[in-house]
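Now for the letters of each chain:
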Amino acid sequence: RRAILRALAATPALYLGVPRHARAAAEFSYKYAHNLPMTHPLHIRAQQAVDHIRQASNGRLDIAIFPNNQLGGDTDMLSQVRSGGIELFTPSALVIATVVPVAAINAVGFAFSDYDQVWKAMDGKLGAHVRESIAKANLYAFEKMWDNGFRQVTTSSKPIAGAKDLDGTKIRVPVSPLSISMFKALSAAPASLQFSEVYSALQTRIVDAQENPLPIIQAAKLYEVQKYCSLTNHIWDGYWFIANGRAFKRLPPDLQKLWETSFNEAGLLQREDLKKMNQSIQADLESKGLKFNRPAADSFQAALRQSGFYGEWRGKFGDQAWGLLEGAVGKLA
Ligand code: X2X
């Protein structure tokens, strides 16, 4: 009887009526989880890559996607990808920095001024430096980072015209020491919440404000619970596509190559998607009721300099990483 039960457990697909191909036959059945709604280009391009990988490997490598925090918030997904409970995850640079501190370096306030600077640095020496540190944590980082975007501040109460307006503002930030440090330096009252909690925290007014790139504000419908959007461009944020290190090494070289090229190419297309979206997204969000303003960066930068923010983070990231950042964007302080 035991033997029969064991046989049943070993072939669940047969008994659950799952079609014979793909899932049952796969040599490698992997799980990929992320924190965004399925309408976001990150999900759409990842889905295409996963479909391509399944086809091109004749079903040997089958990746199931769990979008929208289905497997828990960022902190949960990060510990799962480290332990091997899931094989793939896309944490933002801000979030992976809780494990690999130097990964937050691209998110230093007002460092990058445009996408040319961003991709040159992240596809170049700065990105390579961060990937080496990610590898030391037994995680594999795919070469091409995916775009999240330049982060903007939204509030329910008033537009942010300069640093003074942030004074005392209760603002949700990701679970990331850099975000907390930066908004404290700007005299706001930041609180770290996982993204899965953001909509309801804004709706119930646990916080008045949050900050995210426009494509996220759109995909997660944050315009339903916020009135103003101030285009501060205070941080450029991207997603690292990462794999559990053992799950990567387990794959034979041909499958390693297939998923590297598939995810890296999908990442480049996702960057293009956001670039196109950014041309019309403000108008769309305006039509949904968000009111926009565009504050100058000076007052924010001055407050960060005066508070010692840049000096503090230079110390934390180290001179080598800081040098690579300043090499890409110019002197910061
Ligand atoms: O949590 C956020 O704000 C988000 C979605 O931008 C990140 O993944 C850091």
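Details of the structure are given in the entry above.
So, here is what we can say about the structure in this document. Keep in mind it's a predicted model, so treat the numbers as computed, not measured.

Brief notes about the overall build of the chain
Inference 1: Counting its secondary structure elements, the chain contains 15 helices and 13 strands.
Inference 2: Taken over the C-alpha trace, the chain has a radius of gyration of 21 Å; the compact-globule value for 333 residues is 20 Å, and the two agree within 12%.
Inference 3: Along the first, second and third principal axes, the C-alpha atoms of the chain reach 70 × 45 × 35 Å.
Inference 4: The burial tally for the chain puts 53% of its 333 residues in the buried class.
Inference 5: For the chain, restricting intrachain contacts to residue pairs at least 6 apart in sequence, the fraction spanning at least 24 positions comes to 75%.
Inference 6: In the structure as shown, the chain presents an accessible area of about 14,900 Å², 52% of it carried by carbon and sulfur atoms.
Inference 7: A gap of 5 Å separates the mean positions of the 38 positive and 30 negative side-chain charges of the chain.

Quick look at the pattern of salt bridges
Inference 1: Counting across every chain of the model gives 13 salt bridges.
Inference 2: In this structure, D123 and R271 form a salt bridge, with 2.9 Å as the shortest nitrogen-oxygen distance. On the criterion of sequence distance, the pair formed by D123 in the loop between helix 6 (115–122) and helix 7 (125–136) and R271 in helix 12 (residues 253–287) is long-range, its members being 148 residues apart.
Inference 3: For D123, a relative accessible area of 34% corresponds to the partly exposed category.
Inference 4: For D284, the salt bridge identified is with K288, shortest N-O distance 2.8 Å.

What about the side chain of H43?
Inference 1: Position of H43 among the secondary structure elements: in helix 3 (residues 41–56).
Inference 2: Residues contacting H43, with those up to four places away along its chain left out, are H34, P37, M38, I65 and P67.

Points about the nonpolar core
Generally speaking, soluble globular proteins have nonpolar side chains that are buried together.
Inference 1: In terms of nonpolar packing, the biggest core is built from 62 residues, with F112, M122, W240, I242, F317 and L325 touching the most fellow members.
Inference 2: Not counting residues up to four positions away in its chain, the partners in contact with F112 are N106, Q117, V118, A121, M122, L126, F150, W236, L325 and V329.
Inference 3: Judged by nonpolar contacts, the second largest core, of 47 residues, contains Y140, F195, L231 and L285.

Observations concerning the pairing of strand 6 (residues 152–155)
Inference 1: Burial along strand 6 is two-sided: Q152 and T154 and V153 and T155, pointing in opposite directions, are all buried.
Inference 2: As paired elements, strand 6 and strand 9 (residues 209–212) share four bridges and run antiparallel to each other. Paired with Q152 across the two strands is N212, which belongs to strand 9.
Inference 3: Bridge analysis of strand 6 against strand 10 (residues 228–230) gives three bridges, and the strand direction is antiparallel. Its bridge partner being in strand 10, V153 is matched across the sheet by S230.

Digging into the environment of G149
Inference 1: Mapping G149 onto the fold places it in strand 5 (residues 146–150).
Inference 2: Sequence-wise, G149 and I235 are 86 residues apart; in three dimensions their C-alpha atoms are separated by 8.2 Å.
Inference 3: Non-local contacts of G149, meaning those with residues more than four positions away in its chain, are made with Y115, P213, I235, W236 and D237.

A word on the sheet that holds strand 4 (residues 139–141)
Inference 1: Pairing is mixed across the open sheet formed by five strands, whose spatial order is 2-1-3-12-4. Each edge of the open sheet carries a strand with a single partner, namely strand 2 (61–66) and strand 4.
Inference 2: As paired elements, strand 3 (residues 88–89) and strand 12 (residues 242–244) share two bridges and run antiparallel to each other. Bridging across to strand 12, F89 finds its partner in I242.
Inference 3: Each of strand 1 (28–33), strand 3, strand 4 and strand 12 is contacted by helix 4 (residues 74–83), which is oriented at about 50° to strand 12, the strand it contacts most.
Inference 4: On top of the sheet, helix 7 reaches strand 4 and strand 12; it is set at about 160° to strand 4, its chief contact.

Details of the site of the ligand
Inference 1: Neighbouring the ligand are the residues N35, S92, N148, R151, R172, P174, F195, N212, I216, D237 and Y239.
Inference 2: Relative to its free-state accessible area of 270 Å², the ligand is covered by the protein chains to the extent of 100%.
Inference 3: Per-class residue counts for the shell around the ligand are four nonpolar, four polar and three charged.

A short note on helix 13 (residues 298–306)
Inference 1: For helix 13, the set of buried residues is F300, A303 and L304. Down the axis of helix 13, the smallest arc covering the buried residues is 100°, so these residues share one side. For helix 13, the exposed residues lying more than 90 degrees away from the buried face are D298 and Q306.
Inference 2: Buried residues along helix 13 sit in contact with helix 8 (177–185) and helix 14 (309–317).
Inference 3: Phi turns positive, to about 85°, at G308, one or two residues after helix 13.

Some points on the sheet that holds strand 8 (residues 189–192)
The strands making up a sheet associate through backbone hydrogen bonding, with each pair oriented either parallel or antiparallel.
Inference 1: Reading across from one edge, 8-7-9-6-10-13 is the order of the six strands in this open sheet, with mixed pairing throughout. Bordering the open sheet on either side are strand 8 and strand 13 (291–293), each of which pairs with just one other strand. Here the strands of the sheet are splayed against their neighbours by 25° on average, with no regard to which way each runs.
Inference 2: Where strand 7 (residues 170–173) and strand 8 come together, four bridges link them in parallel fashion. Directly across from R172, in strand 8, lies its bridge partner A191.
Inference 3: Each of strand 7, strand 8 and strand 9 is contacted by helix 8, which is oriented at about 170° to strand 8, the strand it contacts most.

Cut-offs and rules
- Residues numbered from 1 in each chain as written.
- Predicted model: local features only at pLDDT ≥ 70, side-chain atom pairs only at ≥ 80, totals over all residues.
- Heavy atoms only, no water.
- Helix = DSSP H or I, 4+ residues; strand = E, 2+ residues; numbered from the N terminus.
- Rg over C-alpha atoms; globule rule 2.2 N^0.38 Å.
- Buried < 20%, exposed > 50% of the residue type's maximum accessible area, 1.4 Å probe, protein only.
- Contact = heavy atoms within 4.5 Å.
- Areas by Shrake-Rupley, 256 points an atom, 1.4 Å probe, with all protein chains shown as cover.
- Lys, Arg positive; Asp, Glu negative; His and termini not counted.
- Charge placed at Lys NZ, Arg CZ, Asp CG, Glu CD.
- Salt bridge = Lys/Arg side-chain N within 4 Å of Asp/Glu carboxyl O.
- Core = buried A, V, L, I, M, F, W, Y, C linked by side-chain atoms within 4.5 Å.
- Pairing = 2+ DSSP bridges.
- Axes fitted to C-alpha atoms, helices over the stretch in contact; angles between N-to-C directions.
- Near = heavy atom within 4 Å.
- Nonpolar A, V, L, I, M, F, W, Y, C, P; charged D, E, K, R; others polar.
- Arc of directions from axis to C-beta.

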